[in-house]
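Spelled out, the chains give:
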Amino acid sequence: MITRIYEDYRRLSTNTAREMLRVVLEKPEAVLCLATGATPLGAYAEFVRQAKMQRIDFSGIRFVSLDEWVGIPPSNPGSCHYFLNRHLFQPLQIAPAQIYLFDGMSADLQGVCSRMDEHLEQLGGIDFLVVGIGLNGHIGFNEPGVAFDNKAHVVDLHPITKTTGQKYFQSETLLNQGITLGIRQLMDAKTVILMANGAKKTNIIQQALEGTVSNALPASILQSHPNCLAFLDAEAAAQLQDSSRRA
Ligand code: GLP
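What you see is a predicted model; the values in this text were computed from it and never measured. (Residues numbered from 1 in each chain as written. Predicted model: local features only at pLDDT ≥ 70, side-chain atom pairs only at ≥ 80, totals over all residues. Heavy atoms only, no water.)

Caption draft 1: Quick look at the side chain of Asn 136. By secondary structure assignment, the location of Asn 136 is in the loop between strand E6 (128–131) and strand E7 (153–156). For Asn 136, the side chain forms a polar contact with the main-chain nitrogen of His 138, separated by 3.1 Å. At 3.3 Å, the side chain of Asn 136 and the side chain of His 158 are in polar contact. Excluding residues within four positions of it along the chain, Asn 136 makes contact with Glu 143, Pro 144, His 158, Ile 160, Thr 161, Ile 204, Ala 216 and Pro 218. (Helix = DSSP H or I, 4+ residues; strand = E, 2+ residues; numbered from the N terminus. Polar contact = N/O pair within 3.5 Å; in protein donor to acceptor, adjacent residues only side chain to side chain. Contact = heavy atoms within 4.5 Å.)

Encoded structure:
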């Protein structure tokens, strides 16, 4: 894992966007899996801005879901669907045929998972993955205790996820389950960027990057990914023992 520490959120975002642009330019048929959440917002805004300015052709790029809340419709601004549409798919005018997302409203969630597994296999896996980290160390909705050989699955959300997740919703929302790609599929991604910013993430980032690799802290598995970049701002990196990795 290569760690890069940026002075502030703006630089973290710009540099993440640069890596994203590099991928879509190098591989016009790339499969991207992009996390939702507050962390990557600045990176996505910069990515969209640059992509439009450079008139990048997205017609061959494919997108797959990382995760979704169960029971939350795409019309709800707190859903991952809504986020991806608003911040990426609409501004980049991505055609529906290029997008494959989890349907968290389905009556057959197991079927949704198997179809995602099949779809991802047909695509040949993820080329480029951006993940954030939860305060409990989750990536996607791979919560503490998750099996590292899992593929797409439905999960009972951890109490911290249920509480923290409220920030995405306009009013208090019942969050019980999520649906997520599994660690095995994330570890198969050719390139991974783990992003974190802000003082809230300082402690969990230190454990994830420098602690023991364990499913008690799912993001720690990324230490063993052959091509993972941890992009952090100075606040999130504040407790890392090895601070020689400033960008
Ligand atoms: C959420 C999502 C993740 C996200 C993470 C961090 O619950 N399931 O995909 O990356 O937690 O979110 P944030 O960037 O808002 O801190």
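Caption draft 2: Expanded view of the side chain of His 138. Turning to its location among the elements, His 138 is positioned in the loop between E6 and E7. Within the structure, His 138 has its side chain in polar contact with the side chain of Glu 143 (distance 2.9 Å). Residue contacts for His 138: discarding those within four places in its chain leaves Gly 132, Ile 133, Glu 143, Thr 161 and Pro 218.

Caption draft 3: Structural context of the pairing of strand E2 (residues 31–34). Burial along E2 is two-sided: the residues Val 31 and Cys 33 and Leu 32 and Leu 34 are all buried. With 3 bridges connecting them, E2 and strand E3 (residues 62–64) associate as parallel partners. If you follow Val 31 over to E3, its bridge partner there is Arg 62. Note that the unit made of E2, helix H2 (residues 41–53) and E3 has a crossover that is right-handed. In this structure, E2 lies alongside E6, joined through 3 bridges in parallel fashion. Of the residues in E6, the one forming a bridge with Cys 33 is Leu 129. (Buried < 20%, exposed > 50% of the residue type's maximum accessible area, 1.4 Å probe, protein only. Pairing = 2+ DSSP bridges. Right-handed = clockwise from strand over helix to strand, strands pointing away.)

Caption draft 4: Quick peek at the packing of aromatic side chains. Within this structure, the stated rule accounts for 7 aromatic pairs. Measuring from centroid to centroid gives 6.2 Å for Tyr 44 and Phe 83, while their planes differ by 75°, and the two rings are edge-to-face. In this pair, Tyr 44 sits in helix H2 while Phe 83 sits in helix H3 (residues 80–92), placing the two residues 39 residues apart along the sequence. By the burial criterion, Tyr 44 is buried, and Phe 83 matches it. (Phe/Tyr/Trp six-rings, centres within 6.5 Å; stacked < 30°, edge-to-face > 60°.)

Caption draft 5: Structural view of the packing of helix H1 (residues 9–26) against H2. Close contact between H1 and H2 brings their axes to 8 Å; oriented N to C, the two are set at 50°. The angle between H1 and H2 falls in the class oblique. Where H1 crosses over H2, the handedness of that crossing is right-handed. Touching Tyr 9, Ser 13, Thr 14, Thr 16, Ala 17, Met 20, Leu 21 and Val 24 of H1 are Leu 41, Gly 42, Ala 43, Tyr 44, Glu 46, Phe 47, Gln 50 and Ala 51, all from H2. For the contact of H1 with H2, the class distribution of residues is 10 nonpolar, 5 polar and 1 charged. (Axes fitted to C-alpha atoms, helices over the stretch in contact; angles between N-to-C directions. Parallel < 35°, antiparallel > 145°, perpendicular 65-115°, else oblique. Left-handed = near helix turned anticlockwise from the far one by under 90°. Nonpolar A, V, L, I, M, F, W, Y, C, P; charged D, E, K, R; others polar.)

Caption draft 6: Geometry of the site of the ligand. Thr 39, Asp 67, Lys 167, Tyr 168 and Lys 201 are the nearest of the 14 residues found near the ligand. The contact in question runs from an oxygen atom of the ligand to an N or O atom on the side chain of Thr 39, over 2.4 Å. One of the side-chain N or O atoms of Lys 201 is found 2.7 Å from an oxygen atom in the ligand. Summarising the interface, the protein chains cover 94% of the accessible area of the ligand, which totals 390 Å² for the free molecule. Split by residue class, the shell around the ligand holds 5 nonpolar, 6 polar and 3 charged. (Near = heavy atom within 4 Å. Areas by Shrake-Rupley, 256 points an atom, 1.4 Å probe, with all protein chains shown as cover.)

Caption draft 7: Quick peek at the pattern of salt bridges. As enumerated under the stated definition, the model contains 8 salt bridges in all. In this structure, Glu 19 engages Arg 4 in a salt bridge whose closest nitrogen and oxygen atoms are separated by 3.9 Å. Taken together, the residues span a long stretch of sequence, with Glu 19 in helix H1 and Arg 4 in strand E1 (residues 2–6) at a distance of 15 residues. We note a salt bridge from Asp 127 to Lys 27, for which the minimum N-O separation is 2.8 Å. With Asp 127 in the loop between helix H4 (109–123) and E6 and Lys 27 in the loop between H1 and E2, this pair connects stretches of sequence that are 100 residues apart. The exposure class assigned to Asp 127 is buried, which follows from its relative accessible area of 8%. Among the charged side chains, a network of salt bridges with common partners joins Arg 4, Glu 19 and Arg 22. (Salt bridge = Lys/Arg side-chain N within 4 Å of Asp/Glu carboxyl O.)

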